[in-house]
Amino acid sequence: MSYTPVAYNPYDFANRRHIGPSPAEMAEMLGVVGVASLDELIHQTVPKSIRQSTPLTWAPLAEHELLDRMRDVASRNTVMTSLIGQGYYGTVTPPAIQRNILENPAWYTAYTPYQPEIAQGRLEALLNYQTMVADLTGLPVANASLLDEATAAAEAMTMAERSAKSKARGFFVDRNCHPQTIGVIRTRAQPLGIEVIVDDPSKLQADQVFAGIFQYPGTFGHVTDYTAEIEKLHAAKAIAIVATDLLALCMLKEPGAMGADIAVGSSQRFGVPMGYGGPHAAFMSCRDDLKRSMPGRIVGVSIDSRGNQAYRLSLQTREQHIRREKATSNVCTAQALLAVMASMYAVFHGPLGLRAIAERVHFLTNRLARALKAAGAKVSPKAFFDTITVEVGVGQAGILAAARQEGLNFRKIGTDRVGISLDETTDERTLVRVLRAFGIEGVPPHRAQIGFPEAMVRTTTYLTHPVFHMNRAESEMMRYMRRLSDRDLALDRAMIPLGSCTMKLNAAAEMMPITWPEFGSLHPFAPTDQAKGYAEAIGDISQKLCEITGYDAMSMQPNSGAQGEYAGLLTIQAYHRARGDDHRTICLIPTSAHGTNPASAQMAGMQVVVVKSAPNGDVDVDDFRDKAAKAGDKLAACMITYPSTHGVFEETVREICRITHDHGGQVYLDGANMNALVGLVKPGEIGSDVSHLNLHKTFAIPHGGGGPGMGPIGVKAHLAPYLPGHPQTGGDEGPVSAAPYGSASILLISWAYCLMMGGEGLTQATRVAILNANYIAARLAGSYPILFMGNKGRVAHECILDTRPFAEVGVTVDDIAKRLIDNGFHAPTMSWPVAGTLMVEPTESETKAEIDRFITALLAIREEIRAVEAGEISAEDSPLRHAPHTVNDLVAEWDRKYSREAACFPPGSFRVDKYWPPIGRVDNVYGDRNLICTCPPLESYAEAAE
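Residues numbered from 1 in each chain as written. Predicted model: local features only at pLDDT ≥ 70, side-chain atom pairs only at ≥ 80, totals over all residues. Heavy atoms only, no water.

Caption draft 1: The arrangement of the overall build of the protein chain in detail. The number of helices and strands found in the protein chain is 31 helices and 25 strands. For 946 residues, the compact-globule estimate of 2.2 N^0.38 gives 30 Å, and the C-alpha radius of gyration of the protein chain, at 28 Å, lies within 12% of that figure. In terms of overall dimensions, the protein chain has a C-alpha envelope of 85 × 80 × 70 Å along the principal axes. Counting over 946 residues, the protein chain shows a buried share of 65%. Restricting the contact set of the protein chain to residue pairs at least 6 apart, pairs at least 24 apart contribute 77%. Across the protein chain, 88 positive and 102 negative side-chain charges occur, with their mean positions spaced 3 Å apart. (Helix = DSSP H or I, 4+ residues; strand = E, 2+ residues; numbered from the N terminus. Rg over C-alpha atoms; globule rule 2.2 N^0.38 Å. Buried < 20%, exposed > 50% of the residue type's maximum accessible area, 1.4 Å probe, protein only. Contact = heavy atoms within 4.5 Å. Lys, Arg positive; Asp, Glu negative; His and termini not counted. Charge placed at Lys NZ, Arg CZ, Asp CG, Glu CD.)

Next comes the structure, spelled out in structure tokens:
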């Protein structure tokens, strides 16, 4: 008899690992949807007029092949000891933090903590981060992180502009700020009409500016007390900002003690690898009366339904999704995962450990300076922490070459100086190599001697909260991190069906390379010949993204989606300016657009004109045409989301693009919903000129509890000359991020995703994402109205459940969202883009079993609503209003009108692997009225427990 081999390919990553439903399950789902094939569903969903004619071309790699390829590419990077500084430093990531945070899906697959009841672990870690920053900077309020130091400085500038009582339009920038910070500040200031004055602080004319920023320590190493300059600014009713270094502040007088109003910087050197530029958590802290103007997320302390202490995101009405074109910032992504790492680094070392690391770095720098001076070198500055500058005259090239022979990178400054910044990884052997590069043998003996005036020594305490004084045995640290992660619900536990957020699989093979030293240890300003591996990776993913989108060029610099929006609009404005069309300032934005769109347009100096939506949720084309005509030659751009934010492929997208172009405008197509397009539709072929791509959505970078993200932009050829440049690479147009390639190390994740999926796999992923969404819509249509559908009754990759009718009997969208927690699910996106609704996006990675469990949960919730509608129980007495239910509820005296079992084990929930929320429903109003943004004192924990 003949033997028939199996046709199953176990190494087919796309169809065996990434895409959830099996072929047999897909057939069942297609039957429920009412179509014979996936092709038929796509034909009914995606207009034929916009579908791409050619398939994506590249073949896939298996996981082991991918890792072999990554090893080969990594080997082309040369890892040297980079003493370049300039805001980026070598650091030691404690292995316990690397393994239990950075490499742990419980932490990296979590979503932004908008549902606080299932995010208490990461909220506590972020509160620790805020406390650490507030303590070290000497300012009482800090946020939960920003994108990078340069953009944090730019955010501080605009925060100061709206807060200062001075009416001046100038902004003073210390010439000792890092070059990339000055570059990003200039970029951000230009559209807002702010005059940037870069000079020596001694030349500050305080009455000419609304604020000033000083670097402390300076980019060339200077340690300067800015108390006098800050007093000048305050006398002129201006605001003082200090860009600073957390490790230095363990020894140096803190900005708050100088009178600073705002402090910014990067927490990178607290255990986060350089990664060729990121991701790293920037920080911002401020004096108390400025806190409501602070951009970004702020974790605060509130109470739950039983009066127990609970953490939540505070003051969310400041966010751009609510304020839209009136928003003062478009910040949407934080760097939560990296902020958690930095906070754990502080917990791991405690104040004494941090002080010891800072002292070691400083005393090594002092020994180096003494040795160079003894050999006759001219070393500056007189007062320094970890950075010195050496005058080498015409010998600069020789010194840099000698350093490279020793495996070292120094900073090239002008034509006659080199900069040297020491860090936590510096040891005695490094000092020997540095001095050998200068032709000096041996090093001076250690002396506990400081290299700055005694008046600059920090005298205040920091990190006094008990969390920073816990037993640092690794067993205790490991358990602390485990306890926190157990409080949270992430993708490693359950489906997270968030509309517009695309919480898909973040495969282990995609994540592994980012922790390899060949990728993690590169300084972003290292010589380009040392980063050939990164060049290959960035070049190849850029080419693949161009093929996917139909654009001609990519900029990988924006390190968030909102940053990509901003960069895209600046590119459009630069194009108009180059053509003499400075008067083009109007941007048409539909009411259905993402909340960051109008905020980004306002930041780019554009005037937002809102376009109505038609009754079916589409852009009202007549209103769009009318407003484009009224704008005339003032039309700069339109911003549209495709498929629409309502989860539908609009038939009129080409017409909208044509109308915009007829009036001389450019089309910005928001790439937030690219997961419905890849392999089916190329934005660059349907009339769009520029898009950003949320790599943390469509291209598998994990959300990390609220960041990192990447938002590269693709453009048509005519816009390519106007993409963001960078002072490090000599680009013409203004930088939008601190590093030339943004958070370069996580680009590897999206590249790995594309390589393993292959062109055909990416296309199939899009098709299955559309199937999963239509399956949910079909199963739920009789119980929940589906708010918007295409003209053939189909949704795109997400669907909106209309829960507004239930409000008539007192059941709110919040009740449904919190009840889903009892079922072991994160809620869908609430009240956006339509108030009182739930937007569901299942992604292609969810299996039929998990989708069915979710549907079971929602159908059970609908039956609980029916009981309220029938008068069998009031909304106030129902499990909906009391959700989520905790273990405390289960064991406490029970006087409710439903059973404990109904409360805690509703249909769809696991019994053995039940997720128990650590707290009951959070009181948001209490948290905003009683704003606490740092770790509360220990006695409050005891009070909450009583």
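Caption draft 2: Molecular detail of the packing of aromatic side chains. Counted under the stated rule, the structure contains 18 aromatic pairs. Ring centres of Phe699 and Tyr753 lie 6.3 Å apart, and the angle between their planes is 80 degrees; on these two criteria the pair is classed as edge-to-face. You can see Phe699 sitting in the loop between strand S21 (690–692) and strand S22 (713–715) and its partner Tyr753 sitting in helix H24 (residues 744–780), a full 54 residues away along the chain. Grouping residues by exposure puts Phe699 and Tyr753 together as buried. Through successive ring pairs, a cluster of aromatic residues spans Tyr276, Trp516, Phe519, Tyr534 and Tyr741. (Phe/Tyr/Trp six-rings, centres within 6.5 Å; stacked < 30°, edge-to-face > 60°.)

Caption draft 3: Local environment of the pairing of strand S10 (residues 309–314). Among the 6 residues that make up S10, 6 are buried, leaving the element largely enclosed by the rest of the structure. In this sheet, S10 lies alongside strand S9 (residues 298–303) in antiparallel orientation, the contact comprising 6 bridges. Among the inter-strand pairings, Val301 is bridged to a residue of S10, identified as Tyr311. Linking S9 to S10, which pair antiparallel, is a turn of 5 residues; within it Gly307 sits at a positive phi near 85 degrees. (Pairing = 2+ DSSP bridges.)

Caption draft 4: Here's a closer look at the packing of helix H19 (residues 532–549) against H24. H24 packs onto H19 with a crossing angle of 45 degrees between their chain directions and a minimal axis gap of 9 Å. With respect to H24, the element H19 is oriented oblique. The interaxial crossing formed by H19 with H24 has left-handed handedness. Listed contacts from H24 to Tyr534, Ala537, Ile538, Asp540, Ile541, Lys544 and Ile548 of H19 are Ala744, Ser745, Leu747, Leu748, Ser750, Trp751, Cys754, Leu755 and Leu762. (Axes fitted to C-alpha atoms, helices over the stretch in contact; angles between N-to-C directions. Parallel < 35°, antiparallel > 145°, perpendicular 65-115°, else oblique. Left-handed = near helix turned anticlockwise from the far one by under 90°.)

Caption draft 5: Structural context of the pattern of salt bridges. Going through the model one piece at a time under the given rule, you end up with 52 salt bridges. A salt bridge links Arg767 to Asp39, with the nearest nitrogen and oxygen atoms 2.7 Å apart. Here Arg767, found in helix H24, pairs with Asp39, found in helix H3 (residues 38–45); they are 728 residues apart in sequence, far enough to count as distant. On the basis of relative accessible area, Arg767 is assigned to the buried category, the value being 17%. Close ionic contact of Arg306 with Asp889 constitutes a salt bridge, the shortest N to O distance being 2.6 Å. Residue Arg306 is found in the loop between S9 and S10, and its partner Asp889 is found in helix H28 (residues 887–891); the two are separated by 583 residues along the sequence. One network of salt bridges, with partners in common, ties together Glu28, Arg779, Lys848 and Asp852. (Salt bridge = Lys/Arg side-chain N within 4 Å of Asp/Glu carboxyl O.)

Caption draft 6: Broad picture of the environment of Ala778. Considering the arrangement of structural elements, one finds Ala778 in helix H24. Between the C-alpha atom of Ala778 and that of Val795, which follows or precedes it by 17 residues, the distance is 10.0 Å. Residues in contact with Ala778, not counting those within four places in the same chain, are Val32 and Val33.

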